[in-house]
Amino acid sequence: MTALNIKLWRDLQTLWAQVLTIAVVVAIGVAGFVGMFSVHESLKNARDQFYRDNRMADVFIRVQRAPLQLQARLRALPGVADVQLSVVHDAPLSLPEAQAPVTGRFIGLNLAQVHAQRQGINALSLRSGRWPEPGRALEAVVNERFAQARQLRPGDQVQAILNGQLQTVHLVGTVITPEYVFASRGGAPDDKSFGVWWIDHQRMDHVFDMQGAFNQAVFRVHDSPQKKQLTDQLITQVDALLAAYGTRGAMGRDQQISARIVNDELSQMKVMGTVLPAIFLAVSVFILNGVIGRQVATQRQQMAALKALGYPDRRIAAHYMGLALAISGLGLLAGLLLSQWIGRTMLGLYGEVFRLAHLDYATTPWLVVAAMALVLIAASGGTWRAIRAVVRLRPAVAMQAPAPDRYRPSLIERMGLGRHVGAGALMAIRHVERRPLRTIFTVSGIAMAVALQISGAFWLDAIEHIVDVQYRQVQRGDVVVFFQQALAPSVKQNLERLPGVLHAEVQRSEPVRLHASGRNDEGVLLGLAQGSRLTRVIDAQRGPVVMPPHGLVLSALLAHQLGVQQGEQIEVEFLMGRQHRARIQVATIVHTQIGKQAFMDLDGLHRLAREGAGVTEASLQVDPSALPAFWQAVKRAPVIVSVLDKASSLAGFQETTSRNMGVFSSVLTLFAVAMAVGIVFNAARISLSEHAWELASLRVLGMTRAEVSILLLAPLTAELLLALPLGAFCGWALASWLMHLMSSDNIEFPVVIAPDTYGWAALIVLAAGLVSALLVRRQIDRLDLVAVLKVRE
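To keep things clear, this report deals only with the structure shown in the data block.

Rules used throughout
- Residues numbered from 1 in each chain as written.
- Predicted model: local features only at pLDDT ≥ 70, side-chain atom pairs only at ≥ 80, totals over all residues.
- Heavy atoms only, no water.
- Pairing = 2+ DSSP bridges.
- Helix = DSSP H or I, 4+ residues; strand = E, 2+ residues; numbered from the N terminus.
- Salt bridge = Lys/Arg side-chain N within 4 Å of Asp/Glu carboxyl O.
- Buried < 20%, exposed > 50% of the residue type's maximum accessible area, 1.4 Å probe, protein only.
- Polar contact = N/O pair within 3.5 Å; in protein donor to acceptor, adjacent residues only side chain to side chain.
- Core = buried A, V, L, I, M, F, W, Y, C linked by side-chain atoms within 4.5 Å.
- Contact = heavy atoms within 4.5 Å.
- Phe/Tyr/Trp six-rings, centres within 6.5 Å; stacked < 30°, edge-to-face > 60°.
- Patch = residues over 30% accessible without salt bridge, like charges linked within 9 Å, V, L, I, M, F, W, Y side chains within 5 Å.
- Areas by Shrake-Rupley, 256 points an atom, 1.4 Å probe, with all protein chains shown as cover.
- Axes fitted to C-alpha atoms, helices over the stretch in contact; angles between N-to-C directions.
- Parallel < 35°, antiparallel > 145°, perpendicular 65-115°, else oblique.
- Left-handed = near helix turned anticlockwise from the far one by under 90°.
- Nonpolar A, V, L, I, M, F, W, Y, C, P; charged D, E, K, R; others polar.

**Here's the deal with the sheet that holds strand S1 (residues 59-67)**
1) Next: Taking strand neighbours across the sheet as the criterion, the 4 strands line up as S2-S10-S1-S11 in an open arrangement whose pairing is antiparallel. This sheet does not close on itself; its edge strands, each paired only once, are strand S2 (80-86) and strand S11 (251-252).
2) Next: Across 2 bridges, the pairing between S1 and S11 is antiparallel. Of the residues in S11, the one forming a bridge with phenylalanine 60 is methionine 251.

This is the structure:
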């Protein structure tokens with residue numbers, strides 16, 4: 001072992017506490033990068049394999065009713081590799097342990113193909129039980145997640161109202177399918193109130209009077225370099241061919257609700273795996289720069305001796321680079337181990353939400369190589385100043401004591417205010433002012449620790465805000481019922497006669513395609529009655545919006561997509577019924593949070609649709625004490641095809657999102673604490689090594705350990721206090737940036753940070769700073785006054 005290697009080992013032992021804190025910061029950056037991207041790659045690979053093995057459709061379309069004779073024409077469209085026609089209908093289910101009716105989506109399944117193992121597009125994978133058999137009993141398989149949430153097993157029976165007829169459905173198995181990796185009606189977690197059921201397609205056709213007809217078509221497009229172009233052309237051609245049969249428009253896989261949610265999660269994961277690790281690695285560069293720079297400054301005499309003995313500059317520079325690499329390498333190894341825990345924990349959470357055939361965690365070699373490269377860059381960036389100082393230092397100069405810094409009165413003293421400031425405070429001010437670069441780095445690093453804490457905790461605030469707006473301000477009713485077909489508005493009186501119903505408001509939703517400025521977008525136009533109080537339109541700035549008697553109300557996301565402003569004309573194309581087009585003025589634009597939405601007055605929608613007065617759903621306010629009787633009455637109502645129970649929907653949303661966000665927030669809090677400790681401890685330790693002679697002199701002159709500690713830690717306290725407001729602003733800015741990166745065309749995440757989130761972030765970082773100060777205080781108490789006061793002549 002060479003002399004420099006021995007010296008390297010001794011330096012690591014001497015600096016063990018600083019080595020540990022720096023390695024922890026590096027480890028967190030590496031763990032975040034490798035862990036998040038490993039989860040991204042594992043989830044993406046599992047999704048792609050599942051889509052490939054089970055032949056996920058590329059194009060989807062729903063119609064009201066179309067003849068099966070169209071299959072040949074659909075298959076002949078350019079680019080079509082396969083087409084599958086089926087019958088799909090939603091129906092209410094009655095489960096023994098559930099008071100409220102549950103919505104089931106029933107899909108026809110070709111049992112002959114299943115038993116022959118020749119399933120087509122969106123093939124099912126059996127997870128338990130067996131496949132249905134044709135016969136007198138109505139047998140079905142259900143998506144696995146719903147069965148687990150409702151504790152259903154093969155052999156159980158449920159009651160369903162299919163096309164107005166009460167049917168007993170025999171559950172014989174559970175399945176997963178690429179079409180419903182995330183099974184939901186509207187995008188929110190809905191495992192307990194929404195299940196997908198597959199029954200014999202012949203029974204499905206008979207029950208819903210769909211013999212010789214279909215209402216859903218899915219397509220596979222030939223794999224080729226022009227697949228994206230072929231898919232876009234196919235969507236246009238399918239829309240044109242099926243327009244006469246009442247369609248909401250064809251959509252590609254990227255717009256299918258399950259696939260879109262998985263894609264959004266993958267995009268958000270990539271953002272988090274890039275932004276947060278970059279912050280930690282940048283902070284590690286700053287800390288390494290301070291520690292290695294101070295090490296060079298305190299070892300001038302040793303370097304002079306080494307140079308005098310013939311060691312070249314490159315060998316000595318390599319020694320300090322090796323010190324940085326040893327510290328960073330320790331962090332790299334710890335980070336790779338920590339990434340396994342982070343990645344497997346996160347993937348386990350995703351496995352509870354997304355149902356894929358195989359979801360295994362794996363770290364690809366390129367991630368390890370990329371992490372090594374990032375650590376190498378961080379180590380190089382942290383030592384370049386020290387290496388430059390080593391190269392420039394001459395042996396004769398190094399043997400002398402370093403020239404004292406040139407000091408001048410501080411700004412406060414130059415202003416004549418120094419006499420009004422205590423000696424201790426004046427020393428702290430001088431320290432901060434005379435080393436501005438170091439102060440800026442320290443304050444910025446602590447501020448980023450505060451910002452990380454805020455950016456981790458604010459998710460819970462944002463979720464609470466979304467819950468408050470969507471479930472308490474927008475949807476103020478207790479239950480929403482959806483009708484099998486449009487009914488006369490007089491159904492309102494019938495609904496109010498149901499047990500426990502205190503108030504009912506009818507609504508109308510129409511699938512439309514909006515055209516403006518050469519652009520178009522598809523969505524749902526919701527008609528609300530004047531004075532509606534159970535369902536309201538809420539603007540993020542203005543609050544509740546009064547529905548104008550004339551004109552259209554557009555969400556900001558939809559208006560931006562179409563490129564329209566308030567007062568401009570827009571063309572509304574109705575996709576069902578008469579399928580005509582009508583022009584209407586944009587009355588106002590509202591900033592909603594979720595979805596591209598359009599609203600208008602209910603009577604105005606009746607006139608615009610030209611189909612008379614008809615309502616498709618209703619929002620109800622129900623007496624909680626009468627809910628059992630109310631649910632029994634709803635289960636016996638054949639016109640109600642599905643219901644949305646706000647209480648159960650809210651409970652399911654909070655159970656899933658709060659748990660996942662709670663884990664994420666807790667992990668990020670621990671990381672922020674580690675960063676704060678690393679920055680504060682190393683700053684205090686460097687300051688102690690610089691001022692050890694002065695502190696020892698003050699001790700000899702009679703100052704107590706506590707008084708000396710205050711003098712050393714006062715500048716650090718000032719930096720900590722300066723960092724708190726800056727950290728609060730950076731936390732808001734970082735949260736806003738993350739939300740901007742994660743927002744999509746379908747959702748605009750709100751940046752809502754509660755005051756107590758700022759308070760807890762400040763308290764946690766202050767506590768981390770206090771712990772660091774106490775650790776350094778122990779070093780002050782252990783100062784060897786005789787050794788420290790030895791000065792070279």
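**Quick look at the pattern of salt bridges**
1) Next: Applying the stated criterion to the full structure yields 22 salt bridges.
2) Next: Aspartate 58 is the partner of arginine 253 in a salt bridge, and the nearest nitrogen-oxygen pair spans 2.8 Å. Placement of arginine 253 in the loop between S11 and helix H8 (257-298) and of aspartate 58 in the loop between helix H2 (16-53) and S1 is noted, with a sequence separation of 195 residues between them.
3) Next: Residue arginine 253 is classed as partly exposed on the basis of its relative accessible area, which comes to 23%.
4) Next: Its relative accessible area of 6% is what places aspartate 58 among the buried residues.
5) Next: Glutamate 571 is paired through a salt bridge with arginine 581; the nearest N and O atoms lie 2.9 Å apart. Taken together, the residues span a long stretch of sequence, with glutamate 571 in strand S18 (residues 569-574) and arginine 581 in strand S19 (residues 581-590) at a distance of 10 residues.
6) Next: With relative accessibility at 43%, the residue arginine 581 sits in the partly exposed group.

**Overview of the environment of arginine 778**
1) Next: The topology assignment puts arginine 778 in helix H22 (residues 755-781).
2) Next: We classify arginine 778 as partly exposed; its relative accessible area is 46%.
3) Next: The sequence separation of arginine 778 and arginine 705 amounts to 73 residues, and the corresponding C-alpha distance is 9.9 Å.

**So, the side chain of threonine 535**
1) Next: Position of threonine 535 relative to the elements: it lies in the loop between strand S14 (519-528) and strand S15 (537-539).
2) Next: Of note is the side chain of threonine 535, whose polar atom sits 2.8 Å from the side chain of glutamine 507.

**Some remarks on the nonpolar core**
A general trend in soluble globular proteins is that nonpolar side chains are found buried together.
1) Next: Core analysis: the biggest nonpolar cluster contains 115 residues, and Ile287, Phe354, Leu452 and Met675 have the highest contact counts within it.
2) Next: In this view, leucine 452 contacts Leu276, Ile279, Phe280, Leu668, Ala672, Met675 and Leu734; residues no more than four positions away in its chain are not counted.
3) Next: Counting 25 residues, the second-largest nonpolar core is a separate cluster that includes Phe146, Val207, Met210 and Ala213.

**Description of the packing of aromatic side chains**
1) Next: One pass over the structure, following the stated rule, counts 9 aromatic pairs.
2) Next: Here tyrosine 350 and phenylalanine 354 contribute two aromatic rings whose centre-to-centre distance is 5.9 Å and whose plane-to-plane angle is 5°, an arrangement assigned as stacked. The same class applies to tyrosine 350 and to phenylalanine 354, which are both buried.

**Examining the environment of valine 667**
1) Next: Within the fold, valine 667 resides in helix H20 (residues 646-700).
2) Next: For valine 667, a relative accessible area of 18% puts it in the buried group.

**So, the side chain of threonine 669**
1) Next: Locating threonine 669 in the fold gives a position in helix H20.
2) Next: The class for threonine 669 is buried, based on a relative accessible area of 18%.
3) Next: The residues contacting threonine 669, other than those within four sequence positions of it, are Gln453 and Ile764.

**Considering a nonpolar patch on the surface**
1) Next: Together, Leu726, Phe729, Trp732 and Val751 make up a nonpolar patch on the protein surface, roughly 360 Å² of accessible area in all.
2) Next: Looking at the secondary structure, you find tryptophan 732 in helix H21 (residues 705-742).
3) Next: Since its relative accessible area comes to 42%, tryptophan 732 is described here as partly exposed.

**Considering unusual backbone geometry**
1) Next: The phi dihedral of aspartate 209 falls on the positive side, at around 55°, and the residue is not glycine.
2) Next: Tracing the chain through its elements places aspartate 209 in the loop between helix H6 (201-207) and strand S10 (213-221).
3) Next: Here aspartate 209 falls in the partly exposed class, since its relative accessible area comes to 48%.
4) Next: Phi at arginine 610 is positive, roughly 60°, even though this residue is not glycine.
5) Next: Assignment of secondary structure puts arginine 610 in the loop between helix H18 (602-609) and strand S21 (615-622).

**Points about the packing of helix H1 (residues 3-14) against helix H10 (residues 313-353)**
1) Next: The geometry of H1 relative to H10 is characterised by a closest axis approach of 10 Å and an angle of 40° between their N-to-C directions. On the basis of their axis angle, the class for H1 and H10 is oblique. The two elements H1 and H10 cross, and the hand of that crossing is right-handed. On H10, the residues that touch Leu4, Lys7, Leu8, Asp11 and Leu12 of H1 are Arg315, His319, Tyr320, Gly322, Leu323, Ala326 and Ile327.
2) Next: When the residues that make up the contact of H1 with H10 are grouped by side-chain class, the tally is 7 nonpolar, 2 polar and 3 charged.

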